[in-house]
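# Close look at the chain arrangement
Listed below are the residues making up each chain.
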Amino acid sequence: MTDFRDGNIDVAIVKELYANPYDLEDKSPKQVRVRGHLIKFDEDTLNTFLKTSVIVEEGESLCAYSRFALLRPDPQELAAKLCVPGRGFELNADGKPLKILWKNITTLAQTWSVLSFSNLIPTSHTSDVTLDKAIPIYGIIMKMDMNAGYLISHQISLTTQDDTSRLAFPTLITTLCKARRVQSGSRSLESLSLTINLAYIKKNCWNLDDPIVTFRGPKKARGKRYEALSTAP
């Protein structure tokens, strides 16, 4: 999204896309008409638009991350990479891993969590990382090849079918629609939020209990949690 120079999100266009999806075979919707223009958001279209390649090893049918996610990863393996030493998942009443509290996540994992929440698996709940949200963050840290188009397409489809007011991927959708010559003419524009840079990481993602990452100078006061969600890298 580094080519998104306009600097504004067209909320009206984003709402239209989520309100009007359809599929001729009554499957998970992957296309929609926005102001007379057909907008597709299937994985191939998104990978082409975002210029993200899908790398599949010889003899395999899925990329490395997809294969890993299907294996029901060991929570202890996830916690070993995402948590500061001695911390781990909070357990539910049945003793099963439920979530990792934000204060227990390493600086690196917090940073990738923000990026994941904004660009791959949007969520409005950012005070902790649930087991399902921990899996892609682990995959990113482990540098697994991912099918970004599939992950985003799947999340857009889920959002269109959910009874929610959450508008996921507003920057991507605005840019995708403008590339298909959808006319805006809307006054409901929102500006992009803070860039995820070193200053942002130091303020919002630096865990003082993390022995691996340190910064010079004192830690600045943490911003509001929702800033992490709306940030566009």
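Since the structure is predicted, the reported quantities are computational estimates derived from the model, not experimental observations. (Residues numbered from 1 in each chain as written. Predicted model: local features only at pLDDT ≥ 70, side-chain atom pairs only at ≥ 80, totals over all residues. Heavy atoms only, no water.)

This part covers the packing of aromatic side chains. Here a ring pair, both rings aromatic, is described through the centre-centre distance and the interplanar angle of the planes. Applying the stated criterion across every chain, the model contains one aromatic pair. A ring pair is formed by Phe68 and Tyr138, whose centres lie 5.2 Å apart and whose planes are at 15 degrees; its orientation type is stacked. Linking Phe68 in helix 3 (residues 64–70) with Tyr138 in helix 6 (residues 131–141), this pair joins segments that are 70 residues apart in sequence. With respect to burial, Phe68 and Tyr138 carry one shared label: buried. (Phe/Tyr/Trp six-rings, centres within 6.5 Å; stacked < 30°, edge-to-face > 60°. Helix = DSSP H or I, 4+ residues; strand = E, 2+ residues; numbered from the N terminus. Buried < 20%, exposed > 50% of the residue type's maximum accessible area, 1.4 Å probe, protein only.)

With that settled, the discussion passes to the packing of helix 1 (residues 11–19) against helix 8 (residues 170–179). Contact pair helix 1 / helix 8: the axes reach a minimum separation of 9 Å and the direction vectors enclose 90 degrees. In terms of orientation, helix 1 lies roughly perpendicular with respect to helix 8. In this structure, helix 1 uses Ile13, Val14, Leu17 and Tyr18 to contact helix 8, whose residues at the interface are Pro170, Ile173, Thr174 and Cys177. Split by residue class, the contact of helix 1 with helix 8 holds seven nonpolar, one polar and no charged. (Axes fitted to C-alpha atoms, helices over the stretch in contact; angles between N-to-C directions. Parallel < 35°, antiparallel > 145°, perpendicular 65-115°, else oblique. Contact = heavy atoms within 4.5 Å. Nonpolar A, V, L, I, M, F, W, Y, C, P; charged D, E, K, R; others polar.)

Leu17, Tyr18, Val34, Ile39, Phe169 and Cys177 are the most contacted members of the largest nonpolar core, which totals 48 residues. With six residues, the top contributor of residues to this core is helix 6. The contact partners of Phe169, leaving out residues within four places of it in the chain, are Tyr18, Ser118, Asn119, Leu120, Pro122, Ile152, Gln155 and Ile156. (Core = buried A, V, L, I, M, F, W, Y, C linked by side-chain atoms within 4.5 Å.)

What follows covers the side chain of Ser113. Structurally, the position occupied by Ser113 is in helix 5 (residues 107–119). Excluding residues within four positions of it along the chain, Ser113 makes contact with Trp102, Val129 and Ile137.

Now for helix 6. Helix 6 sits mainly inside the fold: nine of its eleven residues count as buried. For helix 6, the full list of buried residues reads Lys133, Ala134, Ile135, Pro136, Ile137, Tyr138, Gly139, Ile140 and Ile141. Buried residues in helix 6 make contact with helix 3, helix 4 (75–82), helix 5 and strand 7 (128–130). Taken from the residues just after helix 6, Lys143 is the one with a positive phi, measuring 60 degrees.

A few words now on the sheet that holds strand 7. The sheet built from three strands is open, its strands ordered 5-6-7 with antiparallel pairing. Two strands in the sheet have a free side with no partner beyond their single neighbour: strand 5 (90–91) and strand 7. Summarising the sheet, strand 6 (residues 97–101) and strand 7 pair through three bridges and their orientation is antiparallel. For Leu101, the partnering residue across the bridge sits in strand 7 and is Asp128. Relative to strand 7, helix 6 is tilted by about 95 degrees, and along the sheet it contacts strand 6 and strand 7. (Pairing = 2+ DSSP bridges.)

Turning next to the confidence of the model for the chain. Close reading of the predicted structure is inappropriate where its pLDDT is low. Put simply, the chain has an average pLDDT of 83, and 82% of its residues get 70 or more. Under a pLDDT of 50 for its full length, residues 224–233 has, in the predicted model, 30 contacts with residues more than four places off or in other chains. (pLDDT = per-residue confidence, 0-100.)

A few words on unusual backbone geometry. Unusually for a residue other than glycine, Arg72 sits at a positive phi of about 55 degrees. Summarising the element assignment, Arg72 is placed in the loop between helix 3 and helix 4. The exposed category is assigned to Arg72, whose relative accessible area is 76%. Phi at Lys143 takes a positive value of approximately 60 degrees, unusual for a residue other than glycine.

What follows deals with the pairing of strand 6. Residues in a regular strand project their side chains so that they alternate between the two faces of the sheet. Of the pairings in the sheet, the one linking strand 5 to strand 6 comprises two bridges and is antiparallel in character. What sits directly across from Glu90, in strand 6, is Lys99.

A separate point is the pairing of strand 3 (residues 31–34). Two elements, strand 3 and strand 4 (residues 37–40), share four bridges in a ladder whose sense is antiparallel. Note that in strand 4 the partner of Gln31 across the bridge is Lys40. Between the end of strand 3 and the start of strand 4, which pair antiparallel, lie two residues, with Arg35 showing a positive phi angle near 55 degrees.

Our focus in this paragraph is the pattern of salt bridges. Working definition: two side chains of opposite charge can pair if their charged atoms are close together. Under the definition given, this model contains six salt bridges. Measuring nitrogen to oxygen at the nearest pair gives 3.7 Å for the salt bridge that ties Lys99 to Asp128. Of this pair, Lys99 sits in strand 6 while Asp128 sits in strand 7, placing them 29 residues apart in sequence. Lys99 sits in the partly exposed class, given a relative accessible area of 26%. Its salt-bridge partner being Lys133, residue Asp132 comes within 3.5 Å of it at the nearest N-O pair. Using a relative accessible area of 16% as the deciding quantity, one classes Lys133 as buried. (Salt bridge = Lys/Arg side-chain N within 4 Å of Asp/Glu carboxyl O.)

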